[in-house]
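Chain and residue survey
As a plain string of letters, each chain reads:
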Amino acid sequence: MRRMIAAILLLLCAAGCTLRPAGYTADFFAMDTFMSITAYGRDEQAAQQTAVRCEQRVNALEPALSRTREDSDIYRLNQAAGAVCEVSADTYAAIEAAVEYAALTGGAFDPTMAPLTDLWGVNTDAARVPAQTEIDAALARVGYQNIDLLGENQVRLLGGAQIDLGGIGKGFATDAVAKLLDDEDSVLAMLGGNIGAYGQNPSRDSGNWVVGIADPDDSADYIATVEVRDRSVVTSGDSERYFEQDGRRYHHIFDPATGYPADSGLRSVTVIDTVSTRADALTTALFVMGLEQGMAFCAAQNVAAIFVTADKQVYATDKVDEVCVFTFLGEEKGYAYAQ
């Protein structure tokens, strides 16, 4: 994950976002990944205060969103065996958003994938291809409909469901950072691959932030850029977390319908949105849907998305031109822009 963030930093700089000395950068580790927040303000002290305040807010979300920390709300909820649990306002809001986006995508994004994630063990020393009987047993516990939101921060899980908010956690944190900012702030937040670009970029005449869309075959390079302001750019793909067994590659984005890594013909999906939590959920859902269904969904829901296929075709939805400046740069790397 550190390699991915480093690549994003290189992409941003290569795309023209040279960070000025007057800004202040807070680098830290949270939610199992390296994060970086660069802020600009009235002066260097103001920039430092903004960056540190954002870092503290992200760190405060760890016990609200983690499912592995024993002091976290999600851990307690998953261990409650169906009993009602009172969780923090942050945890409840994140679960509520996850259920909303699961319903919106018809379950292509599902926050109850923890049994499958644990079973496959992608990105761990226990990574393996499970037996079909094991997959079937895990799938029996998957389904966002098993999350019972009772109001007043009360939640219970039915049918042996287990919540994993990893699919939206960094998006939720990016939105939390955005809510701290005022009109004078300029902040570039890079939270585990979720990028939030807010306010004026002081390094460019246009005031826009330029974000690179990584080459799935080489995360240190990019095949397109998008110029944005006051938006989040989120990418999900198969190139960072995977394992190989018997000559076949298995990635970490699972299809809730099959219990296997999604075999959708895609390598990555990028979503540009004002709401990073939504963008985070939609990148996963669109990857699972595949190009044809995903493009149709984006047209119906007015989503700005960029799809990269396994045969090196790049597709952008109509909404992309409305929300950013998109530049295709992948021809020399063997990609084609399918306009």
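Described below are features of the structure shown in this document. (Residues numbered from 1 in each chain as written. Predicted model: local features only at pLDDT ≥ 70, side-chain atom pairs only at ≥ 80, totals over all residues. Heavy atoms only, no water.)

Across the sheet, which stays open at both edges, the nine strands sit in the order β1-β2-β6-β7-β10-β13-β14-β15-β17 with mixed pairing between neighbours. Only two strands of the sheet have a single neighbouring strand rather than two, namely β1 (24-30) and β17 (336-337). Sitting on the sheet, helix α8 (residues 276-289) is in contact with β7 (194-198), β10 (231-237), β13 (266-273) and β14 (304-309), with an inclination near 155° to β13. (Pairing = 2+ DSSP bridges. Helix = DSSP H or I, 4+ residues; strand = E, 2+ residues; numbered from the N terminus. Contact = heavy atoms within 4.5 Å. Axes fitted to C-alpha atoms, helices over the stretch in contact; angles between N-to-C directions.)

With that settled, consider the packing of aromatic side chains. In the structure shown here, the tally under the stated rule is five aromatic pairs. Judged by centre distance (5.7 Å) and plane angle (45°), the rings of W120 and F254 are tilted. Placement of the pair is W120 in helix α5 (residues 114-120) and F254 in the loop between β12 (248-251) and β13, with a sequence separation of 134 residues. We classify W120 as buried; its relative accessible area is 0%. (Phe/Tyr/Trp six-rings, centres within 6.5 Å; stacked < 30°, edge-to-face > 60°. Buried < 20%, exposed > 50% of the residue type's maximum accessible area, 1.4 Å probe, protein only.)

So, on to the layout of surface pockets. Taken as a whole, the second largest pocket holds about 200 Å³ of empty space. If you trace the second largest pocket, you find 14 residues lining it, with D238, R249, H251, A262 and D263 closest to the centre. Those elements giving two or more residues to the lining of the second largest pocket turn out to be β12 and β13. Per-element tally for the lining of the second largest pocket: the top contributor is β12, with four residues. (1 Å grid on protein atoms, 1.4 Å probe; cavity = no way out; pocket = protein on both sides within 12 Å on 5 of 7 lines; lining within 4 Å. Points joined across faces, edges and corners; volume = space filled by probe spheres on them.)

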